[in-house]
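Chains, contacts and geometry: an overview
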Amino acid sequence: MRSVVNKRVLAGVSLSTVAALTLTACGGSKIESTDVAEADGCGTFNIAINPWVGYEANAAVLAHVAETELGCKVVKKDLKEEIAWQGFGTGQVDAIVENWGHDDLKQKYIEDQKTAVSAGSTGVEGIIGWYVPPWMAEEYPDITDWNNLNEYAHLFETTESGGKGQLLDGDPSFVTNDEALVKNLELDYQVVYAGSEPALIQAFRQAEEKKEPVLGYFYDPQWFLSEVELVKVNLPEYQEGCDADPEQVACDYPVYDLDKIVSKSFADANGPAYQLVDNFNWTNADQNLVARYIAQDNMSPEEAAEKWVEANQDKVEAWLPQS
Amino acid sequence: MSADTAVEPRGQVNEAQTPVISVRNLWKVFGPNAERVPGSAELAGLSRRELRERARCTAAVREVSFDVAPGEVFVVMGLSGSGKSTLVRCLTRLIEPTAGEVVFEGEDILRADKRRLRELRRRKFSMVFQHFGLLPYRTVVDNVGYGLEIRGAGRAERIRRANEVIDLVGLDGYENAYPDQLSGGMQQRVGLARALAGDPDVLFFDEPFSALDPLIRRDMQNEVIRLHRQVGKTMVFITHDLSEALKLGDRILLMRDGNVVQAGTGDELVGAPADDYVRDFVQDVPRADVLTLRWIMRPSRDSDQLDGPELGPGMIVRDAVRTVLAADRPVRVVENGELLGVVGHEEVLDIVAGNQAGA
Amino acid sequence: MATTTMTGASTRTTPRRRITKPLAVVGVLALWFVAWTLLRGQDMLELPRATLTELHHWLNDVNDSVGASRNSNPLFLYFFNEIRAVMDALVTFVQGLIAQPAYGRPVPVLGWLGVVALVSYVSWVFANWRVALLAAGGFILFGLQGLWQESMDTLALTLVAVFVSLLFGIPLGILAGVSDRFHRLITPVLDLMQTMPTFVYLAPLTLVFLIGPASATIATLIYAMPPAIRITAHGIRSVPAPPVEATDSFGATRRQRLTKALLPLSKRTIVLGVNQTIMAALAMVTVAALIDAPGLGKTVIKALQTTDVGTAFNAGVAIVVMAIVLDRVTTAASVRAEQGGGEVDPRIRRLLLAGFGLVAAVCSYLSYTYLWASEFPEGGQLGEYLSQGATTVTTWAQHHLADLTSAVKDGVTIALLNPLEALLAESPWWLMGAVIVLLAALVGNLRAAAVAAVCVGLLVGSGLWNASMVTLAMTLVATLLVVTLGVVVGVWMGRSNRADRVIRPVLDAGQTMPAFVYLIPVVALFSVSRFSAIVAGVVYAAPVAIKIVADGVRAIPESTVEAATAAGSNTWQTITKVQLPMARQSLLLATNQGLIYVLSMVVIGGLVGAGALGYEVVAGFSQGQLYGKGLAAGAAIVVLGIMLDRIARAAGQRSDRASTAAQS
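So, how was this worked out
Residues numbered from 1 in each chain as written. Chains lettered and ligands numbered in written order. Predicted model: local features only at pLDDT ≥ 70, side-chain atom pairs only at ≥ 80, totals over all residues. Heavy atoms only, no water. Contact = heavy atoms within 4.5 Å. Buried area = accessible area lost by both parts, 1.4 Å probe. Salt bridge = Lys/Arg side-chain N within 4 Å of Asp/Glu carboxyl O. Helix = DSSP H or I, 4+ residues; strand = E, 2+ residues; numbered from the N terminus. Nonpolar A, V, L, I, M, F, W, Y, C, P; charged D, E, K, R; others polar. Buried < 20%, exposed > 50% of the residue type's maximum accessible area, 1.4 Å probe, protein only. Pairing = 2+ DSSP bridges. Polar contact = N/O pair within 3.5 Å; in protein donor to acceptor, adjacent residues only side chain to side chain. Domains from an automatic or database assignment.

What about the interface of chain C and chain A?
- Opposite the 71 residues of chain C that make contact, chain A presents 63 residues.
- Among the residues of chain C in contact with chain A, C:I211, C:Q305 and C:Y370 are the three that bury the most area, contributing 12% of the side total.
- Connecting chain C to chain A are four salt bridges.
- Across the salt bridge formed by A:D78 and C:K298, the nearest N and O atoms sit 2.9 Å from each other.
- Mapped onto the side of chain C that touches chain A, the elements with two or more residues apiece are α9 (198-209), α14 (296-305), α16 (346-369), α17 (371-374), α18 (382-400), α19 (402-425), α24 (515-526) and α30 (612-622) of chain C.
- At 13 residues, α16(C) tops the list of elements feeding residues into the side of chain C that touches chain A.
- Broken down by class, the residue content of the side of chain C that touches chain A amounts to 37 nonpolar, 21 polar and 13 charged.

Written out as structure tokens, the structure is:
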């Protein structure tokens, strides 16, 4: 019995081998070695990818142009901001293409270590502030004025807020003055740290769906705003220098000019990739469109970039190095 | 009391020979600063309990001395906790003794360096363990050849020698079995074969049969007796079982709380217990099976008719019963033509009926 | 009963009763409560979010100086850089073999067909045909999910991390097995490696080893090596004495004793260590993606940015499947290692080995040469189905279950968590510290109390006392839930083989499914709250506790249960009077491990609203100026872990002695 089985097994083995070898003979396309196309003049372009979709949109478009128009070999590195900045010093990152403020990092890497330099504005404006879901703005129109927030504090009470209204803070990457704001504006609120952007988004999404009250820290541009149009609450208007002392802040956040940061050596080499980054400039609407392709239409960043570039050749022309 | 009191071994051993192992004032103390205990007259005199309270030490072996003659089966007996297992481990330094001397073939083992000690263990001693200590992932043949492997013997030689001893212990046919496929008794045969494989001078047995069923145990005891006759090795045998000690031992060392209570042949222990502890210990022994005529004979009286049958003093009582009872006059106990005493019906019946008067 | 009526009848009947330990504990708790009502809110040592202490600034400076000196410091030039080079080379090599285009080819050396064939062949050779089939199925699934390359990247990184972990872990484990001194020395280091949150050392790692595979691998192996060391040491230490003594008695050298007795006899346990190392390495996959580690982790993180639960789940499933395949193969290999090959005639096996080997070789060759065998065919819709399924389920759950789940959340938070947190965090620090030390002395021993005192000191010194107490409250509640689940489900699994078979894969999934995948569903069900953090901790920690309890119940000798049945016990009596008491050791272990696992999820909790230490660590990772504070928070988590572990162990030993004393 056993020997029969084994004969069968062996027969199977040899048969399948033969079959496989036959397949070898007849086919399928063979794998050809590729000659590594040495990109002339451009070389490798290391672009950091910070973890939010708007950034990804900038980077995808830049990478697409660098690859197709300039023939660069683009290497994308998925990194949080702090680590990306560190990468300037080690020569592993050439460019960060959307930077929200980060004066501390600028001080450390541009002023002190001199490993990074600014490459100008992206043209995108960053707005940080407190937001409520649209249904609340409709239901309580005066809620968008901070002076009325205390009246509504009871609506925002949760198990986490210790009897006060809950102000939901988000991604720890963003600078927040909210604890100071609550104190200095004498608001009856407690800051609760959601801890991550996805948690924050989910909280807002659910609040809108179920018509539940939420007041939270958010920012624009952000792809989620095209899903749910959060409404900003107006804090006392920002004036130059009103946020100088973090302890005493009692005004809204400034409008950020989102800029590009590149490594010193990348800038000094002044290659085509650097010039592209330096010239890059578009609008909130442009970025939101690409971000929308990625986040809601489930395109890959490459596809999204390609689609946008095809439709906006004129803008792209203006970014290309003048030679 | 120590064992160098002259006793006549039951086997063919000549006490005049130099001993194979000679142990002098051996101590093993467990606990902090153990080494100060044997040297200090004050501490050394304490009872086990006092010592634990005073010095947080336990003396497992205290000032033990004895000799083992070549070719004899020397039994160390005691209840659990008496220190016997520690003692046997001290002899090969599996446990490092605290003080004393262990002279093996003229060499103090306690002074041997690591390399020498290893050499002795590889060539001169081997041991059989209570829980067998077989390696479960090796076949019988590889277990038996293990000691040879440790000493660096080639594979062919190992297998040849292992097969020899496997035959010797009656395991042929099981060469390629794994230990967990064997019964306890057979596993211990593997242990025995493993110990014999290296052709050591001395075999140590640490309660080798106490984990076995009574019937198997008896078989294994007989096996040891047979092997002893066949290979004639010196054996040091640890047991808590008095009947086993009496059955196997040429001489027996009885331990209690780390001390030697009595040392001597089996009939000495039964016939002349050193103290109440020993007396208690041996009281259930069928005396007729152990005692020799020497122990029950009485001086001849004038009234005795001295023409009865003649027997040697070393004859065990049980074997003499028939002769004594068949004779109508006392049996004469004669050694080298000299009349040592006589044994009559009364003496024999006392013993057979378990009467304590003979002690 | 007796304790509740203590003040009544029982005191009257035994008026001169000595103060017993339980009574003393109750006394301490009562005093604490009274003091708390009087002193509540004083000396809480709260530290505002943006405020840093001296220590935090100092840690920032240390971090900066490391970065600044990396081009001049010889330690970097001749040591770290060398390590990085070797690691990079290793990972790149394996990636080139199975995952990434390499050696001037547009595809890796081995395509999917070759990898599947080789993995199945190796699984069959070292384990058995059943797990070989499982491995083949699992790997083909990666392809069908549309995640072939990501899976191979993850596999490459995992293999290298595991290889290096074992290369150093097993020898260190052996050393810790034979040397008590080394064992004592390395245990706290291992505690540190296992409970220090990865987020804390991720950023410095990229400074030291740069951004790239080396840093990712090292981050992974810091977490993955401790099980290899611990379990190897445990294996060596639990080798039964008789064979080792026998080996010594034959004059074995130290080396012979190791190679001929200790290692072969602990082989099975050591393979278990390999197994745990693989699991730990896979658990790090998503976190390492934060420093550009390639593979499935990246897919998860990217999906998270767009709150795309489906895609994250799809990748999560691939990680779970990889974990299960590797787990089952190594487990089967260890069983085989112990029991030997078994029934097949060696000659026939040799023939089969050669035959299947040939097939695997041909498949490998094909996948080297032809495109169809190299790139996994497109068109597998499975990934999309999985994504859509997960999205549908999540959406359904958040619409239909959210009311129920938020009621549960509110209930637990109001009834349990808030009071506990108020008690722990709003007591003056000196009162709370004293209570901890006293309780450690009472339920444990003086040694545990000393450790607790040092830990309290360190927590105060970290500047994060208040956050630590908030985290402690959450940890205790989570551990309570974990132990409850552990007992209920564990006993059920221990008693029923069918339950075991069904539940075990679910537990495996709970343990290996990256937390990032269920972050959003958890928030959807329990909103941004401390309870969400507790849920994340429970999902991760309960499987371990359940498995330990189940194994403990299963290990009870059948005769004992039989005796109970024979005595007429009903099921409930059998469980409460026989099985649970006899599985005491396992319950203790389950509590202890549950605690440690809950603590290791504190950081994930920080991502869903836990605040406290978890948030500080995340913030420290995200913002350079908060780095020092984050590091201190990470250290505080480690300190909490060590403190709770040592107290629990001392209490366990104590009750052990008590129960043996009661028996004798």
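A closer look at the pairing of strand β9 (residues 255-263) of chain A
All names here are of chain A.
- In terms of burial, β9 is a largely internal element, seven of the nine residues being buried.
- Summarising the sheet, strand β3 (residues 95-99) and β9 pair through three bridges and their orientation is antiparallel. Pairing of N99 across the sheet is with D259, part of β9.
- For strand β4 (residues 116-132) and β9, the ladder comprises seven bridges, and the chain directions are antiparallel. Bridge assignment links G126 to a residue of β9, and that residue is Y256.

Some thoughts on the interface of chain B and chain C
- At the junction of the two partners, chain B supplies 21 residues and chain C supplies 16 residues.
- For the pairing of chain B and chain C, the buried interface totals around 1,700 Å² over both sides, and the portion due to carbon and sulfur atoms is 63%.
- Counting the surface chain B buries against chain C, the share from its top three residues, B:Y137, B:Y146 and B:I150, is 29%.
- The interface formed by chain B and chain C includes two salt bridges.
- Residues C:E245 and B:R89 are paired through a salt bridge, measuring 2.2 Å at the closest nitrogen-oxygen approach.
- Run the count over chain B and chain C and you get eight residue pairs in polar contact (both at pLDDT 80 or more).
- Taken together, the elements giving at least two residues each to the side of chain B that touches chain C come down to α5 (114-123), β6 (125-128), α7 (146-150) and α9 (184-197) of chain B.
- The element best represented in the side of chain B that touches chain C is α7(B), accounting for four residues.
- A per-class count over the side of chain B that touches chain C returns 10 nonpolar, four polar and seven charged.

Considering α9(C)
Residue and element names in this part refer to chain C.
- Counted residue by residue, α9 has 12 buried out of 12 residues, so it is predominantly covered.
- Among the residues of α9, T198, F199, V200, Y201, L202, A203, P204, L205, T206, L207, V208 and F209 are the ones counted as buried.
- Positive phi shows up at L210, right after α9, with a value of about 65°.

Let's talk about the domain arrangement of chain B
Residue and element names in this part refer to chain B.
- Assigned domains within chain B: domain 1 (21-124 + 200-285) and domain 2 (288-358).
- A straight line from the C-alpha centre of domain 1 to that of domain 2 covers 34 Å.
- Counting residues at the interface gives eight residues for domain 1, matched by four residues for domain 2.
- In this assembly, domain 1 packs against domain 2 so that about 500 Å² is buried in total across both faces, 74% of it on carbon and sulfur atoms.
- The three residues of domain 1 that bury the most area against domain 2 are D267, V270 and G271, which together make up 62% of that side's buried surface.
- Here domain 1 and domain 2 share zero salt bridges between them.
- Seen at the junction of domain 1 and domain 2, the total is two residue pairs in polar contact (both at pLDDT 80 or more).
- In terms of residues, the side of domain 1 that touches domain 2 owes the most to one element, helix α12 (residues 266-271), which gives five residues.
- Of the residues in the side of domain 1 that touches domain 2, the class split is four nonpolar, two polar and two charged.

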